[in-house]
Amino acid sequence: MPKYLYKNLITGEIYELTQSMRDDPHTHHPETGVAIKKILARPGIAFKGSGFYVTDSRPKDTGSKGGE
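Predicted, not measured: the structure shown is a model, and the values here were computed from it. (Residues numbered from 1 in each chain as written. Predicted model: local features only at pLDDT ≥ 70, side-chain atom pairs only at ≥ 80, totals over all residues. Heavy atoms only, no water.)

1. Section: the sheet that holds strand S2 (residues 14–18)
Taken together, the three strands give an open sheet; going across it, the order is S2-S1-S3, and neighbouring strands pair in antiparallel fashion. If you trace the sheet from one side to the other, it starts and ends with S2 and strand S3 (36–39), each paired once. In this sheet, neighbouring strand axes are inclined to one another by 40 degrees on average, regardless of whether the strands run parallel or antiparallel. Bridge count between strand S1 (residues 3–8) and S3: four bridges; the pairing is antiparallel. Counted as the bridge partner of Lys 7 is Lys 37 from S3. (Pairing = 2+ DSSP bridges. Helix = DSSP H or I, 4+ residues; strand = E, 2+ residues; numbered from the N terminus. Axes fitted to C-alpha atoms, helices over the stretch in contact; angles between N-to-C directions.)

Here it is in structure tokens:
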């Protein structure tokens with residue numbers, strides 16, 4: 001199951017909670033009952049190298065276009 005970040009609305013502390021993608025976001029911490037809010041975080045994916053752009057898969061241009 002995926003992990004989501006939640007922020008304590010009183011102290012600002014960040015929690016990482018595991019829950020199903022189908023579940024509604026928590027509004028209170030499951031153990032302490034304090035008010036929390038789901039926050040967005042950057043994904044842990046970095047695309048590096050060739051093959052990620054349209055121009056990477058095209059053949060290299062070997063000459064100029066046009067008639068001779």
